[in-house]
2 protein chains.
Amino acid sequence: MSYKAPIEDITFNLKDMGLLGDVLPLPGFEEVSEDVVEAVLEENARFVEEVVAPLNVVGDREHSVWNDGQVKTPQGFKEAFEIFAAGGWQGLQHDAEHGGQGFPKVVAAATSENLNAANLSFSLCPLLTDGAIEAITQAGSREQKETYIPPMLEGRWTGTMNLTEPQAGSDLALVNAKAVPQDDGSYRIFGQKIFITYGEHDMAENIVHLVLARTPGSPAGIKGISLFIVPKFLVNEDGSLGKRNDVWCASLEEKLGINASPTAVLLFGSGKSEEVGEGAIGYLVGQENQGLQYMFVMMNAARYNVGIQGIAVSERALQQARQYAQDRVQSNALEGSAGPVPIVNHPDVQRMLTTMRGLTEGARAVAMYAARANDLSVNHPDEAIRVSNKAVYEYLVPIVKGFSTENAIEVASLGVQVHGGMGFIEETGAAQYYRDARILSIYEGTTAIQANDFVGRKTLRDGGAVAKGFVKSMHETVAELKQYANSRQLAFIAAQLEIATRAYEASIDYVLETAKAGNMRAVFMGSVPFLMLSGYVHAGWQLARAALKCQGHNEAFYTQKQSTAVFYAAHLLPRVSALSAAVLAGDLAQESLAYLKTV
Amino acid sequence: MSYKAPIEDITFNLKDMGLLGDVLPLPGFEEVSEDVVEAVLEENARFVEEVVAPLNVVGDREHSVWNDGQVKTPQGFKEAFEIFAAGGWQGLQHDAEHGGQGFPKVVAAATSENLNAANLSFSLCPLLTDGAIEAITQAGSREQKETYIPPMLEGRWTGTMNLTEPQAGSDLALVNAKAVPQDDGSYRIFGQKIFITYGEHDMAENIVHLVLARTPGSPAGIKGISLFIVPKFLVNEDGSLGKRNDVWCASLEEKLGINASPTAVLLFGSGKSEEVGEGAIGYLVGQENQGLQYMFVMMNAARYNVGIQGIAVSERALQQARQYAQDRVQSNALEGSAGPVPIVNHPDVQRMLTTMRGLTEGARAVAMYAARANDLSVNHPDEAIRVSNKAVYEYLVPIVKGFSTENAIEVASLGVQVHGGMGFIEETGAAQYYRDARILSIYEGTTAIQANDFVGRKTLRDGGAVAKGFVKSMHETVAELKQYANSRQLAFIAAQLEIATRAYEASIDYVLETAKAGNMRAVFMGSVPFLMLSGYVHAGWQLARAALKCQGHNEAFYTQKQSTAVFYAAHLLPRVSALSAAVLAGDLAQESLAYLKTV
């Protein structure tokens, strides 16, 4: 099925919800206007709908194919990437200094969602490249920036992140790739990296691998890891490509989904390059032993973007299910009808579709709200505002990542269910979203890893300050909703949001107090439920705010938006209390599960 | 990974939970003793572990393959089916009259779970054959029984259910296959059926298709559908196989999962048989126009069995995830350790594993409890007890089907998550369960169809009598738990079960009252949440009862069982209240979703 960029909902967030109004006046965005944003969104929609979306099914069927170290991407990918590059899409949100376009993140979040919805596998290449640009921008030398960033922004080269090794997945302390210093200041890298997305492909001239490895004598654990640039082809002084480096793709993984995206096993320093000899030539980024810190820059950008992927797959699955529900005729209407009716009339199909819609639009509103905070944190002239918004953004990143991707699995699964038996047939297309979505809660940090970050760095570190700030804002929204006393729907949302906000607050308090008491196992027994309930209440809050913005409007879009908010309050906000009960039972849970411990 | 039949938990249900003790004294089970049951379970375990389980991965890779109307099942399937047949497994729970072994359903539920856990695709063939045997037993003529049942019990022939047509999925009123009466009393069947599981294969000599079709002049809708036996090969008077009938497999579907199980498009009456001419020869089962009623017999047996499949896949996914969590070493222990530890020590991995375990063991306990009711409903000498247990069994069937299969999706998804990145790699095996499980909440009636049945026939029809009977029993269990006042764990389970039971009761009342008021759309807006919350509370109740049975035992199994009950009370029982909130918001939900209606 074809994909249509959800311009209406994006515009609602940008305009009605005030994101663009908050961001456009900031220094640095002088050349960005509402009109320009509108034009960009239109151009982006046209590009992804016409060029990228049609390759989604093809890519799933063809896979990327390994042959003797070379990787061939599916038919049409290379050409689409050329158009992507020519359109300047890679540089949309990057600084103008090295050739980016300097758009606010609230805009880039939207265009990125559309690209990912059109084709998750395709979009992974720019996603990883974004991360590489980000890391070099933050930690690279001036020469490294000048050498590597412009070609990546232009889409001539792409980037990768090389963290994982067979024994080192979530635990990067176990990384043992070696970096041996050379007389000329460069290093020779040796080791094996796995799960490297677009680690090898035919869409660009060169690939800039960012690689974690250990220098001789470095401390054990995460404090002894350094970050290196290892280009597939070495770069001559004039920027042209030189010798083939000693990094090779040994194989690709056979995966459950995102089949078009090559997931590579990379060998560094296997000595297969006649041009450079044994050892992949690498260049240290920033300081030795600070690699993990730099990689986190890259990873945080990537985590936010993977959250966007979750929203993207959800939107795509929703569109397909909605279309099917409108087309498929089966069974008489509940109230009686002359004959069978489109299944969209049946209550449970409406429940499924609106659950999908609530999760998708709720998560989108949270992600775009987070993007606004990021823009303020970078561009606002007032330091206090920059600092507070940085905290808000960083608080929301694990929610955007964890919540939106767990949602994507549920939404894609409901998408299959709406199709009935046809959903299980690959030709229908719904199953691909169910397969593709399944990686999102795993890569760039599993949901448990997000939850660790959320509990530790985002809630405990500031004593719950940011979290409690949100609680206060949510109560304010409740109060505002209650002013519409003669609207049964708004009163209901107010009541449900109030219950959920209290459960959110109780969970925050439990986490703070239990951590203070030193019972960390009890806290972490509920860390994922805590993250998820925070996601549900934030999305519910955004939808409640959206319902307020709908007052005084009668157009179909606003009716549907308010309806979605009501339904979310009825079916999804109650999950907050259920998850909160699990969080609050942390001590009993950890006590009863003691038998599982082996150490 | 290899599969081990969960004999300990099955035995706990049979013995500690008293199922076998209630059933073995019944007339008809004179030859079944505890020892015999034990021997059967052991033999079943050996067979499925050694013969069937190793074919699971092979089958997923090879698929069943269509070639010019013939279907080749994967390597080893035919031989395994021969051993299955020789072992008499097809007949385990069927009447001795035609060659069955007459075991209670509580035992057959266990052996069936093990077979399905070993290999879902393989097990679908006996599952469908069971349904065919059931339908012919109930509605067939004496001659039909004698002709078709013994070869199916012996595993020489297999059976299928032919309901679905492209335009008639959940809505069987739209079936339009034709049955034209012939002078000799037989019929000629014309039409196309889709999604026919094991509609063609090479594992048996003959296939007995049970087919829904319309005779000339029959009423429109579901009241004009008749049931026919259409054998692939006609049967001679002496029972030998005769002419090739005019039913042909046009193609197999490419599916998300259960790849080894051939899902056929069958053409009836395409005229390709030179031996019988045009039109598939069929024999009316029972009365004309009563087909749907007979098919429901078959479907109800199949629905229960699909619920068992949900438990089976869950168990298999759990075993694999548990093993991985014990083997995979990553990150230091939360409390500190000399180095990285098996991930089973990490709180969130424990949460995931115990969620999987709670859902699996909870659903198993419900299903086996339902099987006991079925045994009592069939074999008890007292009619009143038969009648009341029939009502209990029928009440529980949509729960067993709907709840266990929705669980299976969640459990299989968590199984992938426990594996991290490895879970997304097909070679690992976890992804297969995630793919296979996805069909279970669709076939033999989607969860929405189960929920319709649950609301209409199982709750409203008797004015909530059976449902309220369960509420009473649950409150009794709460009271019993409260007697252990010095056990923090049992007191907690009591408190959580009490809250959940009240939410269950409130939902039942809402459904009864709202239906009485004629607001059916408000009821059905929450029908699936109502079914699911009933499942959660029933499973939680069974686990609470199990926790009581653990008192006075110190062995590891009992510690773990009680621990699972505590965890379930902490993390899963709260879902009852959340879903109940959705049920109770039915009117508001239906009001706000009115915009979706197209008629």
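Residues numbered from 1 in each chain as written. Chains lettered and ligands numbered in written order. Predicted model: local features only at pLDDT ≥ 70, side-chain atom pairs only at ≥ 80, totals over all residues. Heavy atoms only, no water.

If you look chain A up in an unreviewed UniProt entry, it shows as 3-methylmercaptopropionyl-CoA dehydrogenase from Advenella faeciporci. Turning to chain A, the UniProt record has this under Cofactor (unreviewed entry): "FAD". Turning to chain A, the UniProt annotation filed under Function (unreviewed entry) states: "Involved in the assimilation of dimethylsulphoniopropionate (DMSP), an important compound in the fixation of carbon in marine phytoplankton, by mediating the conversion of 3-(methylthio)propanoyl-CoA (MMPA-CoA) to 3-(methylthio)acryloyl-CoA (MTA-CoA)." (UniProt positions renumbered as here; feature names shortened; annotations may be inferred.)

Attention shifts here to the overall build of chain A. For chain A, the helix and strand inventory stands at 20 helices and 14 strands. Here chain A has a C-alpha radius of gyration of 24 Å; the compact-globule value for 599 residues is 25 Å, and the two agree. Along the first, second and third principal axes, the C-alpha set of chain A runs to 80 × 60 × 55 Å. Counting over 599 residues, chain A shows a buried share of 65%. Long-range pairs, those at least 24 residues apart, make up 75% of the contacts in chain A with a sequence separation of at least 6. Carbon and sulfur atoms make up 50% of the accessible area of chain A, which amounts to about 20200 Å² in all. The average position of the 48 basic charges and that of the 68 acidic charges among the side chains of chain A differ by 6 Å. (Helix = DSSP H or I, 4+ residues; strand = E, 2+ residues; numbered from the N terminus. Rg over C-alpha atoms; globule rule 2.2 N^0.38 Å. Buried < 20%, exposed > 50% of the residue type's maximum accessible area, 1.4 Å probe, protein only. Contact = heavy atoms within 4.5 Å. Areas by Shrake-Rupley, 256 points an atom, 1.4 Å probe, with all protein chains shown as cover. Lys, Arg positive; Asp, Glu negative; His and termini not counted. Charge placed at Lys NZ, Arg CZ, Asp CG, Glu CD.)

For the rest of this paragraph, the subject is the UniProt feature "domain: Acyl-CoA dehydrogenase/oxidase N-terminal" (unreviewed entry) in chain A. The feature "domain: Acyl-CoA dehydrogenase/oxidase N-terminal" (unreviewed entry), as annotated in UniProt, sits at residues 38-155 of chain A in this numbering. Note that residues 38-155 of chain A is 67% helix and 5% strand, and that its end C-alpha atoms are spaced 24 Å apart.

Bringing the interface of chain B and chain A into the picture now. On the chain A side, the residues contacting the 89 residues of chain B number 89 residues. Taken over both partners, the interface formed by chain B and chain A buries close to 7700 Å², and the fraction arising from carbon and sulfur atoms is 62%. The largest share of the area that chain B buries against chain A comes from F424(B), Y434(B) and R521(B), three residues that together contribute 10% of it. Where chain B packs against chain A, one counts six salt bridges. Note that R521(B) and E335(A) form a salt bridge whose closest N and O atoms lie 2.6 Å from each other. The tally of links from chain B across to chain A stands at 39 residue pairs in polar contact (both at pLDDT 80 or more). Among the elements that make up the side of chain B that touches chain A, the one with the highest residue count is helix 18 (residues 556-571) of chain B (seven residues). (Buried area = accessible area lost by both parts, 1.4 Å probe. Salt bridge = Lys/Arg side-chain N within 4 Å of Asp/Glu carboxyl O. Polar contact = N/O pair within 3.5 Å; in protein donor to acceptor, adjacent residues only side chain to side chain.)

Moving on, we come to the pairing of strand 5 (residues 187-197) of chain A. Residue and element names in this part refer to chain A. Across four bridges, the pairing between strand 4 (residues 178-181) and strand 5 is antiparallel. Across the sheet, V180 pairs through a bridge with R188, a residue of strand 5. In terms of strand pairing, strand 5 meets strand 12 (residues 280-285) through three bridges, oriented antiparallel. Considered in strand 12, the bridge of Y187 is made with G282. Sheet topology note: the strand 5/strand 11 (residues 263-268) ladder contains five bridges and is antiparallel. (Pairing = 2+ DSSP bridges.)

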